[in-house]
Amino acid sequence: MKVAMIGAGYVGLVSGACFADFGHQVVCIDTNTAKIEALNRGEIPIYEPGLDVLVNGNRFAGRLSFTTDIAEGVAGADAVFIAVGTPTRRGDGHADLSYVYAAAEDIARAMTGYTVIVTKSTVPVGTADEVERIVRRVRPDGDFSVASNPEFLREGAAIDDFKRPDRVVVGAEDERAREVMRKLYRPLYLNETPLLFTNRRTSELIKYAANAFLATKITFINEIADLCEKTGANVQDVSRGIGLDGRIGKKFLHAGPGYGGSCFPKDTLALVRTAQQFGAPIHIVETVVEVNTKRKLKMVDKVIEACGGSVDGKTIAVLGLTFKPETDDMRDAPSLDIVPGLIARGARIRAHDPQGMKEAKHLLPESITYCDGPYDAGKGADAVVIITEWNAYRALDLPRLKQALKAPVLIDLRNIYEPAEVARQGFTYVSVGR
Ligand SMILES: NC(=O)c1ccc[n+]([C@@H]2O[C@H](COP(=O)([O-])OP(=O)(O)OC[C@H]3O[C@@H](n4cnc5c(N)ncnc54)[C@H](O)[C@@H]3O)[C@@H](O)[C@H]2O)c1
């Protein structure tokens, strides 16, 4: 099948490359000329494990190409996916749909023959209806269907998630569209991946409900962690104790500095706004948003407390800046609240991240010193804070780190170390909920 993917970001590029790997003919289209030029040179503009091999393998095989020319990419396509950003709209917390609607207009002008237009971006209930209205207005004669196919991949494991998903959700209103979607995902169908067909509005809501549920799970265990700290319980054991219950499940029960990233913060907020707009407020998610926002700032106080009540004039080594390991994505990362918070309280920051430093330089205060690795970051520091649990920080040479530091204080916001072991090495160790 011929597929056009509008938006070659974290979702569009991975989805496009995976569809090409399934054997489809894929064109990725992006308005960002630098990104397309880089891809045409064989350079991958983002860090995602395995993506370079997948993209370039399919490019050389002639199944995957890149262009900024939407007309060229869309003409003759059986399916056109919209995978552009839907960030939080300034001022009111709703999803900003301007990129989606701009893409819809462009597709309408460029499509030829029967085309299924698919929203893969995370979009509020009713967006596919609006996309249909836009396309119909621009092309009253157009032969097309609009479908919703939300994406559930996780950055850092995106390729595997796309190729071996728990389920594929498709919202469609007509059999023609369903048939095209079935053909596109047939390679997964053979693996017995459930292909769940719903109406478009249901499909749109499934994505927000899934993200809000996961964000709620994280926030729940974070608050239990706070209670553990007050009561002498251990949150890791609580997680295990409840997670082994099949009704609850083990995943997303890791206490930490609060959820971040390109999806949960904006999607929980957008769901809250949609629910209010429709007169069916979801109070539990409203609370999750509020608790999580406050939590990131509370981590600043946690570090200050571990440093004896003040970080004024002190040097803090920060390990990990991205919102999670195995990505260079800095969007809404907890570090964006914690690091400026520490600087505002007088701290000097020496930071390291295996993939995020380039992007961090645009987003964090200029005064930060970026370092070559964890031991370099630790040089002369009064404390080390682990914000992101990169593998490179999981087995630090603690005596070496201690030697680099001015004071042996380790604040582990991801609970990757064993408290007794770190204490044995002579550190003051502070973690979350233990
Ligand atoms: N990142 C994730 O892990 C993830 C997971 C699931 C769903 N999503 C959703 O997928 C969507 C895309 O997210 P992302 O992280 O890939 O965003 P991104 O910012 O990485 O990529 C979006 C791309 O779209 C391009 N673009 C914008 N307008 C365009 C237009 N009119 N024509 C062509 N290209 C255009 C941008 O230049 C950019 O390269 C969002 O709705 C997001 O919520 C993201």
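The text that follows walks through the structure, step by step, so that each part is easy to find. Because the structure is predicted, anything quoted here is derived from the model rather than measured.

Turning next to the overall build of the protein chain. Each helix and strand counted, the protein chain has 18 helices and 14 strands in total. Rg of the C-alpha trace for the protein chain: 23 Å, near the compact-globule value of 22 Å for 434 residues, within the 12% margin. The proportion of buried residues among the 434 residues of the protein chain is 54%. Element-wise, carbon and sulfur atoms account for 51% of the exposed surface of the protein chain, whose accessible area totals about 18900 Å². Side chains of the protein chain give 54 positive and 56 negative charges; the mean places of these two sets differ by 2 Å.

Let us now look at the environment of Gly256. If you trace the backbone, Gly256 turns up in the loop between helix H11 (235–243) and helix H12 (264–277). Along the sequence, Gly256 and Arg414 sit 158 residues apart, while their C-alpha atoms lie 5.2 Å from each other. Beyond its immediate chain neighbours, meaning those up to four positions away, Gly256 contacts Asn222, Arg295, Met299, Leu413 and Val432.

Enumeration according to the criterion identifies 33 salt bridges in this entry. The partner of Glu43 in a salt bridge is Arg41, and the shortest N-O contact between them spans 3.1 Å. Notably, a salt bridge pairs Arg89 with Asp92, separated by 2.6 Å at the nearest N-O pair. Owing to a relative accessible area of 36%, Arg89 belongs among the partly exposed residues under this scheme.

On the secondary structure map, Asn58 appears in helix H3 (residues 51–60). A polar side-chain atom of Asn58 sits 2.9 Å from a polar atom in the side chain of Asp21. Here Asn58 is in contact with Ala17, Ala20, Asp21, Arg63 and Leu64, once residues within four sequence places are set aside.

Around the ligand, 25 residues are found, and the nearest of them are Asp30, Lys35, Thr86, Glu155 and Lys266. Within the backbone of Thr31, one N or O atom sits 3.4 Å away from a nitrogen atom of the ligand. Within the side chain of Lys266, a nitrogen or oxygen atom sits 2.6 Å from an oxygen atom of the ligand. Contact with the protein chains hides 89% of the accessible area of the ligand, taken as 830 Å² for the molecule alone. Grouping the amino acids of the shell around the ligand by side-chain chemistry returns nine nonpolar, nine polar and seven charged.

Our next topic: the nonpolar core. Ranked by internal contacts, the top residues of the largest apolar core, which has 42 residues, are Phe19, Phe81, Leu184 and Tyr185. No other element matches helix H1 (residues 10–21), which puts seven residues into this core. Residues contacting Phe81, with those up to four places away along its chain left out, are Val3, Ala4, Met5, Ile6, Phe19, Val118, Lys120, Asn149, Met181 and Leu184. Counting residues in each nonpolar core, the second largest holds 39 residues, with Ala95, Ile134, Tyr208 and Leu271 among its members.

This next bit is on the packing of helix H6 (residues 127–138) against helix H10 (residues 200–231). Relative orientation of the contacting elements H6 and H10 amounts to 130 degrees, with a least axis distance of 8 Å. As far as their axial angle goes, H10 and H6 are oblique. Residue-level inspection shows Thr127, Ala128, Asp129 and Glu132 of H6 in contact with H10, the latter providing Arg200, Arg201 and Glu204. Here the contact of H6 with H10 is composed, by residue class, of one nonpolar, one polar and five charged.

Cut-offs and rules
Going along each chain's sequence as written, the residues are numbered from 1 onward. In keeping with the model being predicted, local features are shown solely for residues with a pLDDT of at least 70 and side-chain atom pairs are shown and tallied solely at 80 or more, while totals for entire chains, interfaces and linings include all residues. The side-chain quantities take in all heavy atoms of the structure and omit both hydrogens and water. The helix and strand labels rest on DSSP assignments: H or I over at least four residues marks a helix, E over at least two residues marks a strand, and numbering proceeds from the N terminus. Atoms counted for the radius of gyration: C-alpha only. Globule rule: 2.2 Å times the number of residues to the power 0.38. Burial status follows relative accessibility: with a 1.4 Å probe on protein chains alone, a residue under 20% of its type maximum counts as buried, one over 50% as exposed, and anything between as partly exposed. Where accessible areas are quoted, they stem from the Shrake-Rupley method and a 1.4 Å probe; at the residue level, only the protein chains shown are allowed to cover. Here Asp and Glu are counted as negative and Lys and Arg as positive; His is not counted, and neither are the chain ends. For the purpose of locating charges, the reference atoms are NZ of Lys, CZ of Arg, CG of Asp and CD of Glu. Whether two residues are in contact is decided by their heavy atoms: any pair within 4.5 Å suffices. Throughout this description, the term salt bridge denotes a Lys or Arg side-chain nitrogen within 4 Å of a carboxyl oxygen of Asp or Glu. What qualifies as a polar contact is a pair of N or O atoms within 3.5 Å, subject to a donor-acceptor requirement within protein and to the restriction that residues adjacent in sequence count only when both atoms come from side chains. Residues are counted as near a molecule or strand when any one of their heavy atoms sits within 4 Å of it. Think of it as three bins: nonpolar holds Ala, Val, Leu, Ile, Met, Phe, Trp, Tyr, Cys and Pro, charged holds Asp, Glu, Lys and Arg, and polar takes everything else, Gly as well. Each nonpolar core is a collection of buried residues, namely Ala, Val, Leu, Ile, Met, Phe, Trp, Tyr and Cys, held together in the definition by side-chain atoms within 4.5 Å. A fitted line through C-alpha atoms serves as each axis, taken over the contacting stretch for helices, and the angle formed by two N-to-C directions is quoted from 0 to 180°. Here is the rule for angles: anything less than 35 degrees is roughly parallel, anything more than 145 is roughly antiparallel, 65 through 115 is roughly perpendicular, and the remaining ranges are oblique.

Shape is all these values report; function is a separate question.
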